[in-house]
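# Survey of secondary and tertiary structure
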Amino acid sequence: MTTPHQVSLDDTYVISPTFLFRWEESQDAHVLLYPEGIVKLNETGGTILKYCNGESTVAEVIDELTALYDADREAIAEGVIKFLEVSHAKGWIRVKS
Amino acid sequence: MPKAGSALSLDGEGKPIWVLLELTYQCPLKCVFCSNPVDFDRYREHELSTEEWKGVIRDARKMGAMQIGFSGGEPTLRKDLEELVGEANDLGYYTNLITSGIGLTSKRLAALKEAGLKHIQLGFQSSDRDTANMLAGVESFDRKLAIAKEIKAHGFPMVLNVPITRHNIAQVPEIIDLASELGMEYLELANVQYYNWALLNREQLLPTREELEWAEAEVAKARERLGDSMTIFFVIPDYYEGRPKACMNGWGSIHLTIAPDGSALPCSQARTIDTLEFPNVREHSLEWLWRESPTFQKFRGDAWMKEPCRSCDEKEQDFGGCRCQALLLTGDAANADPACSKSPHHHLIQQAIQQSAVPEKHVGSLIARHGGHHLGRKAT
């Protein structure tokens, strides 16, 4: 396989074009829709993907979540980076080129 | 078409989250593995109108549907395809067109893009012109290749879906190269599942175990070489797995197919079970037929199960497999899917596999999809 993706604090992510990311009222959650598949996201996952908008850097996403959840920045940073790594590995997001 | 390799990663919580609209069974191709009913031409006069389809699209969305597939037959034969896609897109569905490509033009692709279509699944038979034309029953290879490029030019994410049989399994490396050159996001090498036309032709379509193992190794090599640039799904035929597929994630669990005549089916193959009455959207609300109709409740959950499924610790993973396959091969839809090695009927699958390894079995001719073939029940 190719080398694992490294998340950099300066990077900006976007949702991959094969995925549709949006709020789904009937599930009371953010969902990712793709051909014949659905991923229901938990609250933090949904919040992180909301910032994969082609504008916010990873550092800014961490700032936003730290403020939003009033939590320890380092713990948030670890969680955000891990989630972005998993999301990238699953093909949900890509680095904005 | 039920697909073993594309299970949804969401519990539908009792909602029909994935709807498939079979807009028409008409199709310019005559594929030998077609999953449409063998009496498909009986449905022509009974197709739902534009307004009836729109009603289905709206009602399913209200019930929590998020995924919608426009399929057939060949859905582009419906002139109202763009209008229906537009309606679905406006309601927030992820819209997917499942097409042979025949009937698509640059102009229609532009209109579908405008309507909000999110994804296209293009059926493809082979990387080799003669093989492709033979399997499709008509000259279609060049047209399909041109339309694949056109679809990419319009910026649609797409999956190339190649039903795999013994006639094209040796071409798997070339098929992968072709899909990669075309810039596909996904390639699905879907071993044909044996219903309808494919079951009629099973002896001549089912690959041998050796051929499958070779193809799987080729897929693994290609995945290493291609990395993230293209995702390859390799759907192994359940005949060789020893375990049944978790068909449709369970009967009446997340999936609802509406046939061209408005019949509601728990799976596009479900009409195989000719003892069931399939409720029609012209006569019943979607809400009633999904939640209350006897047919949708028939194999929902596990109360219907017999042994060995009833006491099996895997019953929540595979739901006893496919009801249609159980009926077709064992005569009772409530039996365990014979693809399961625990089924008392598993020898039927093993016999078919043994037949596939007998060379003289492959000399006969394939039956191309054609009108006027009546094996099953009448269209309602």
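Attention shifts here to the overall build of chain A. Scanning chain A from N- to C-terminus turns up three helices and six strands. Scaling as 2.2 N^0.38, a compact globule of 97 residues should have a C-alpha radius of gyration of about 13 Å, and chain A matches this with 13 Å. Considered along the principal axes of its C-alpha atoms, chain A spans approximately 35 × 35 × 25 Å. In chain A, which comprises 97 residues, the share counted as buried stands at 48%. A separation of at least 24 residues holds for 54% of the contacts in chain A among residues at least 6 apart in sequence. Working note: accessible area of chain A is about 5,300 Å², and carbon and sulfur atoms make up 51% of it. Between the mean site of the 8 positive side-chain charges and the mean site of the 16 negative ones, chain A shows a separation of 7 Å.

All names here are of chain A. Burial runs high along strand β3 (residues 29–34): six of the six residues are buried. Here β3 shows a buried face lined by Ala29, Val31 and Leu33 and a second buried face lined by His30, Leu32 and Tyr34. Taken together, strand β2 (residues 20–24) and the strand that follows it, β3, pair antiparallel across an intervening segment of four residues, in which Asp28 is found at a positive phi of about 50°. As paired strands, β3 and strand β4 (residues 37–40) are joined by four bridges and run antiparallel to one another.

Turning to its location among the elements, Thr208 of chain B is positioned in the loop between α8 (202–205) and α9 (209–226). Setting aside residues no more than four positions away along its own chain, Thr208 of chain B makes contact with Arg166, Tyr240, Ser356 and Ala357 of chain B.

Residues and elements named next belong to chain B. With mixed pairing, nine strands are arranged side by side in an open sheet as β7-β6-β5-β4-β3-β2-β1-β8-β9. Lying at the two open borders of the sheet, with one neighbouring strand each, are β7 (231–235) and β9 (264–265). When strand β4 (residues 119–123) meets strand β5 (residues 158–164), the two strands line up parallel, connected through four bridges. Note that in β5 the partner of Gly123 across the bridge is Asn161. Where helix α1 (residues 50–62) meets the sheet, it contacts β1 (18–22), β2 (67–71) and β8 (255–258), and its direction lies at approximately 175° from that of β1. Contacts from helix α5 (residues 141–153) reach β4 and β5 within the one sheet, and its direction differs from that of β4 by about 170°.

Applying the stated criterion across every chain, the model contains 21 salt bridges over all chains. Between Lys62 of chain B and Asp59 of chain B there is a salt bridge, with its nearest N and O atoms 3.6 Å apart. With Lys62 of chain B and Asp59 of chain B both in helix α1, this residue pair falls three residues apart, about one helical turn. Residue class for Lys62 of chain B comes out exposed when judged on its relative accessible area of 69%. Through salt bridges with shared partners, one network takes in Arg22 and Glu24 of chain A together with Arg61 of chain B.

Attention now goes to the packing of α1 of chain B against helix α2 (residues 81–90) of chain B. Residue and element names in this part refer to chain B. Contact geometry for α1 and α2: axes closest at 10 Å, N-to-C directions at 20°. By the angle between their directions, the pair α1 and α2 is classed as roughly parallel. Once α1 is placed against α2, the crossing between them reads as right-handed. Contacts between α1 and α2 pair Thr50, Trp53, Lys54, Ile57 and Arg58 from the former with Glu83, Leu84, Glu87 and Ala88 from the latter. Split into classes, the residues belonging to the contact of α1 with α2 amount to four nonpolar, one polar and four charged.

At the junction of the two partners, chain B supplies 27 residues and chain A supplies 20 residues. Summing both partners gives a buried area of about 2,000 Å² for chain B against chain A, and 55% of it is carried by carbon and sulfur. Counting every contact that joins chain B to chain A gives one salt bridge. Close ionic contact of Arg61 of chain B with Glu24 of chain A constitutes a salt bridge, the shortest N to O distance being 2.9 Å. Counting across the interface, chain B meets chain A through seven residue pairs in polar contact (both at pLDDT 80 or more). Sorting the residues of the side of chain B that touches chain A by element identifies β3 (94–99) and β4 of chain B as the ones contributing at least two each. At three residues, the largest contribution of residues to the side of chain B that touches chain A is made by β3 of chain B. Of the residues belonging to the side of chain B that touches chain A, the class tally is 10 nonpolar, nine polar and eight charged.

Turning next to the confidence of the model for chain B. Residue and element names in this part refer to chain B. Mean pLDDT over chain B works out to 89, with 92% of the residues at or above the 70 mark. Contacts for the low-pLDDT stretch residues 1–9, under 50 throughout, to residues beyond four places or in other chains number 31 contacts. Here residues 374–380 scores under 50 on pLDDT; set against residues more than four positions off or in separate chains, the count is 20 contacts. Across the predicted assembly, pTM comes out at 0.88 and ipTM at 0.82.

On to the nonpolar core, then. By size, the foremost hydrophobic cluster in this structure holds 109 residues, and its most contacted members are Phe70, Ile176, Leu187, Leu189 and Ile258 of chain B. At six residues, the largest contribution of residues to this core is made by helix α6 (residues 172–182) of chain B. Counting 25 residues, the second largest nonpolar core, distinct from the first, contains Phe21, Val61, Leu65 and Ile93 of chain A.

So, on to unusual backbone geometry. Phi is mostly negative for residues that are not glycine, and the peptide bonds are mostly trans. All names here are of chain B. A cis amide bond, omega 10°, links Gly72 with the succeeding residue Gly73. Residue placement: Gly73 occurs in the loop between β2 and α2. Cis geometry is found at the peptide bond from Glu307 to Pro308, where omega equals 5°. Examined against the element boundaries, Pro308 turns out to sit in the loop between α11 (294–298) and α12 (315–318).

This next bit is on helix α3 (residues 73–89) of chain A. All names here are of chain A. For α3, spanning 17 residues, the distance from its first C-alpha to its last is 24 Å, which sits close to the expected 24 Å at 1.5 Å a residue. Residues Ile76, Ala77, Val80, Phe83, Leu84, Ser87 and His88 constitute the buried set of α3. All buried residues of α3 lie within an arc of 140° about the axis, which places them on one face of the element. In α3, the exposed positions angled more than 90 degrees off the buried face are occupied by Glu74, Glu78, Lys82 and Ala89. In the core, the buried residues of α3 are packed alongside β1 (12–15), α1 (43–50), α2 (58–69) and β6 (93–95). One or two residues past the end of α3 sits Gly91, with phi positive at roughly 85°.

About the cut-offs
Every chain is numbered on its own, with residues counted from 1 as its sequence reads. The order in which chains are written sets their letters, starting at A; the order in which ligands are written sets their numbers, starting at 1. pLDDT decides what is reported in this predicted model: residues at 70 or higher carry local features, side-chain atom pairs at 80 or more are listed and counted, and totals for whole chains, interfaces and linings draw on all residues regardless. Working from all heavy atoms in the structure, the side-chain values ignore hydrogens and water. A run of DSSP states H or I qualifies as a helix once it reaches four residues; a run of E qualifies as a strand once it reaches two. Both are numbered from the N-terminal end. Radius of gyration here uses only the C-alpha atoms, and the compact-globule reference equals 2.2 Å multiplied by the residue count raised to the power 0.38. Residue exposure (1.4 Å probe, protein chains only): buried if accessible area is under 20% of the type maximum, exposed if over 50%, otherwise partly exposed. Contact between two residues is taken to exist if any of their heavy atoms lie within 4.5 Å; hydrogens are not considered. We get accessible surface area from the Shrake-Rupley algorithm with a probe of 1.4 Å; when it comes to residues, only the shown protein chains can shield them. His is not counted, nor are the chain ends; Lys and Arg add positive charge and Asp and Glu add negative charge. Here the site of a charge means NZ on Lys, CZ on Arg, CG on Asp, or CD on Glu. At least two bridges found by DSSP between two strands are what make those strands a pair. Only C-alpha atoms enter the line fits that serve as axes; for helices the fit covers just the stretch in contact. Angles between N-to-C directions range over 0 to 180 degrees. What counts as a salt bridge is simple: a side-chain nitrogen of Lys or Arg found within 4 Å of a carboxyl oxygen of Asp or Glu. Angles are sorted into four bins: roughly parallel if under 35 degrees, roughly antiparallel if over 145, roughly perpendicular if 65 to 115, and oblique for all others. For any pair of crossing helices, the crossing counts as left-handed if the nearer helix is rotated counterclockwise from the farther one by less than a right angle, and right-handed if it is rotated clockwise. Residues are grouped as follows: Ala, Val, Leu, Ile, Met, Phe, Trp, Tyr, Cys and Pro are nonpolar; Asp, Glu, Lys and Arg are charged; all remaining types, including Gly, are polar. A quick way to say it: buried area is the sum, across both parts, of accessible area lost when two parts are put together, with a 1.4 Å probe. Identification of polar contacts relies on pairs of N or O atoms within 3.5 Å, with a donor-acceptor requirement for protein atoms, meaning one able to donate a hydrogen and the other able to accept it, and with residues adjacent in sequence counted only if both atoms are side-chain atoms. Per-residue confidence from the predictor is reported as pLDDT, a score between 0 and 100. Residues enter a nonpolar core if they are buried and are Ala, Val, Leu, Ile, Met, Phe, Trp, Tyr or Cys, with the set joined through side-chain atoms within 4.5 Å. Expected span of a helix, by definition, is 1.5 Å for each gap between consecutive residues, and there is one gap fewer than residues. Here the arc refers to the set of directions running from the helix axis out to each C-beta atom.

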